[in-house]
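Here's the letter readout for the chains.
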Amino acid sequence: MTWEDMLPLLWEGSKETAYMVGVSTAVTAVGGLLLGVLLVLTDRGGLLAARPVNALLGLVVNIGRSLPFIILLVAVIPFTRAVVGTTIGTTAAIVPLTIGAIPFYARIVETAIREVDPGVVAAARAMGASRTAIVVKVLLREARPGLVAGLTITLVALVGYSAMAGAVGGGGLGDLAIRYGYQRFETEVMIATVVLLVVFVQLTQSFGDWVARRLSHR
C-alpha cells in the first residue's frame, strides 16, 4: 500500500479515535467526578454519611473496574443498541468506553479528594460553610492537581480502550490496524497506527502533566 492510499485511511482513523476518546472523556469526567465525590461524602465521617449507600456505590465501582474491557464490550451490547440503535461504529463504541472508564476515574477522584487536608475542611465547617460550598470550594478546589492528573491517566487508558473497540467494529485507528495491519498483513499500516497512537498518548500526557503542575503551584 502506498502513502497516497494510506494517508486518507490514517486521517479518517485518527478523526474517529479523537471523536471516541474526546466524547468518552467528557462524559467520564462528569460521571466519574460525581461518583467519586459521592463515594467520599457517603463514607463514614463524610458530609452525607450513609454506609449502605457507600457500600452499594463501592460495589458498583469495583464490578466496573474488575471487568476486562474486551468482555465489557460484548456484555453491554444490548444496552448499547438500546441507547444508540446500533452496536457498530464510533458512536456505538462511546457507550462501553464510558461505562468502562467512569468507575476507573471515580476511584481516582475519591483518592484525590481524600488527600485534601482535613484541617481545611474542618476550618470551612467552623466558618459555617454549606455542604455544597465545602465540596465545590474546598474539596474539589484543593484536589484539582490530582483530578487533572487522574483525568489524564483516564484519557490515556481510553486511547487503549478505543483501540480494542476496533476489534468489534468500533472504528478508529484500532479498527484500521486490525483490518489492514493484521488481516491483510499491511505492516506499514500497523506501524503507522502504532506511531500515531504513541504520539497522541505522549502529547496528552505531557499536556496533562503541565496543567497539573500549574494547578499545584497556585
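Residue indices follow the written sequence of each chain, beginning from 1 at its first position. Reporting of local features is limited, given that this is a predicted model, to residues whose pLDDT is at least 70; pairs of side-chain atoms are given and counted only at 80 or more, and all residues count toward the totals for whole chains, interfaces and linings. Processing note: side-chain calculations cover all non-hydrogen atoms of the structure and skip hydrogens and water entirely.

**Student:** Would you mind going over the overall build of the chain with me for this structure?
**Tutor:** If you tally the helices and strands in the chain, you get 10 helices and zero strands. Here a helix means four or more residues in a row that DSSP labels H or I, a strand means two or more in a row labelled E, and each is numbered from the N terminus. When its helices and strands are written in sequence order, the chain yields α-α-α-α-α-α-α-α-α-α. Dimensions of the chain, computed from the C-alpha atoms along their principal axes, are close to 70 × 40 × 25 Å. Scored against the burial criterion, the 218 residues of the chain give a buried share of 41%. Neither His nor the chain ends contribute to the count of charged residues, in which Lys and Arg are positive and Asp and Glu negative. Just so you know, the charge point we use is NZ for Lys, CZ for Arg, CG for Asp and CD for Glu. One way to put it: in the chain the 17 positive side-chain charges average out to a point 15 Å from where the 13 negative ones average out. For every residue, the accessible area obtained with a 1.4 Å probe (protein chains only) is divided by the maximum for its type, and the residue is called buried under 20%, exposed over 50%, and partly exposed between those limits.

**Student:** Whenever I open this one, the pattern of salt bridges confuses me. Can you help?
**Tutor:** Opposite charge on two side chains permits pairing when their charged atoms draw close. Salt bridge, as used here, is a side-chain nitrogen of Lys or Arg placed within 4 Å of a carboxyl oxygen of Asp or Glu. For the structure on display, the rule yields six salt bridges. Note that Arg107 and Glu110 form a salt bridge whose closest N and O atoms lie 2.6 Å from each other. Of this pair, Arg107 and Glu110 both sit in helix H5 (residues 90–114), separated by three residues, roughly a single helical turn. Summarising the burial analysis for this pair, Arg107 and Glu110 share the class buried. For Glu110, the salt bridge identified is with Arg114, shortest N-O distance 3.0 Å. Residue Glu110 and its partner Arg114 are located together in helix H5, separated by four residues, close to a single helical turn. For Glu110, a relative accessible area of 10% corresponds to the buried category. Residue class for Arg114 comes out partly exposed when judged on its relative accessible area of 42%.

**Student:** Would you mind going over the layout of surface pockets with me for this structure?
**Tutor:** Estimated volume of the largest pocket: approximately 310 Å³. If you trace the largest pocket, you find 14 residues lining it, with Val40, Gly45, Gly46, Val121 and Leu139 closest to the centre. Breaking the lining of the largest pocket down by element, the ones donating at least two residues are helix H1 (3–41), H5 and helix H6 (118–126). Residues are called lining when one of their atoms sits within 4 Å of a cavity or pocket point, these points coming from a 1 Å grid over the protein atoms alone, where a cavity is a set in which a 1.4 Å probe fits but cannot get out and a pocket is an open set with protein on both sides within 12 Å along at least five of seven lines. Grid points are joined across faces, edges and corners, and a volume is the space filled by probe spheres set on the points.

**Student:** How should the confidence of the model for the chain be read in this particular structure?
**Tutor:** Predicted coordinates in regions of low pLDDT should not be interpreted in detail. pLDDT gives the predictor's per-residue confidence on a scale running from 0 to 100. Scored by pLDDT, the chain comes out at a mean of 88, with 98% of its residues at no less than 70. At the low end of the mean pLDDT range in the chain sits helix H9 (residues 172–182), at 80; at the high end sits H5, at 93.

**Student:** Could you clarify how one ought to interpret the packing of aromatic side chains in this entry?
**Tutor:** Within 6.5 Å between ring centres, the rings of Phe, Tyr and Trp (the latter by its six-membered ring) count as paired, and their orientation is classed by plane angle as stacked under 30 degrees, edge-to-face over 60, tilted in between. In this structure the tally under the stated criterion is two aromatic pairs. Both rings, one in Phe69 and one in Tyr161, keep their centres 4.5 Å apart while their planes meet at 10°; by these two values the pair is stacked. In this pair, Phe69 is assigned in helix H3 (residues 69–75) and Tyr161 in helix H8 (residues 144–165), connecting sequence segments 92 residues apart. Each member of the pair, Phe69 as well as Tyr161, is classed as buried.

**Student:** Could you clarify how one ought to interpret the packing of helix H2 (residues 51–66) against H5 in this entry?
**Tutor:** Two quantities define a packed helix pair, namely the angle between the axes and the distance from one axis to the other. Axis geometry follows a simple rule: fit a line to the C-alpha atoms, using only the stretch in contact for helices, then measure angles between N-to-C directions, giving values from 0 to 180 degrees. Between H2 and H5, the least distance of the axes is 8 Å, while the angle of their chain directions is 125°. Our classification of the angle between H2 and H5 gives oblique. Of the two possible hands of crossing, H2 and H5 adopt the one that is left-handed. Contacts from Gly58, Val61, Asn62, Gly64 and Arg65 in H2 reach Pro103, Phe104, Ala106 and Arg107 in H5. Asp, Glu, Lys and Arg are counted as charged, while Ala, Val, Leu, Ile, Met, Phe, Trp, Tyr, Cys and Pro are counted as nonpolar; the rest, among them Gly, fall into the polar class. When its residues are assigned to classes, the contact of H2 with H5 shows four nonpolar, three polar and two charged. Working definition: roughly parallel below 35 degrees, roughly antiparallel above 145 degrees, roughly perpendicular at 65 to 115 degrees, and oblique for all remaining angles. Crossing handedness follows the turn of the near helix against the far one: under a right angle anticlockwise gives a left-handed crossing, and clockwise gives a right-handed one. It only takes one pair of heavy atoms within 4.5 Å for two residues to be counted as in contact.

**Student:** Can you walk me through H2 in this structure?
**Tutor:** Given 3.6 residues per helical turn, the α-helix brings residues three or four places apart onto the same face. The terminal C-alpha atoms of H2, which comprises 16 residues, lie 22 Å apart, in line with the 22 Å expected from a rise of 1.5 Å per residue. Taken together, the buried positions of H2 are occupied by Asn54, Leu57, Gly58, Val61 and Gly64. Across the axial projection of H2, the buried residues extend over an arc of 130°, all falling on one side. Projecting away from the buried face of H2 at angles above 90 degrees are the exposed residues Pro52, Leu56 and Ser66. Here the expected span of a helix is defined as 1.5 Å times the quantity of residues minus one. Taken from the helix axis, the directions to the C-beta atoms give the arc we talk about.

**Student:** Explanation requested: the nonpolar core in the structure shown.
**Tutor:** The nonpolar side chains of a soluble globular protein tend to be buried with one another. In this structure, Phe69, Leu97, Leu158 and Leu176 are the most contacted members of the largest nonpolar core, which totals 23 residues. Listing elements by their share of this core, those giving two or more residues are H1, H3, H5, H8, H9 and helix H10 (187–216). At five residues, H8 tops the list of elements feeding residues into this core. Those residues in contact with Leu158, other than ones at most four positions away along the chain, are Val21, Ser24, Thr25, Thr28, Leu97 and Ala101. Residues belong to a common nonpolar core when they are buried Ala, Val, Leu, Ile, Met, Phe, Trp, Tyr or Cys residues joined through side-chain atoms within 4.5 Å. In terms of nonpolar packing, the next biggest core, distinct from the first, is built from 19 residues, Leu41, Ala124, Leu140 and Ala143 among them.

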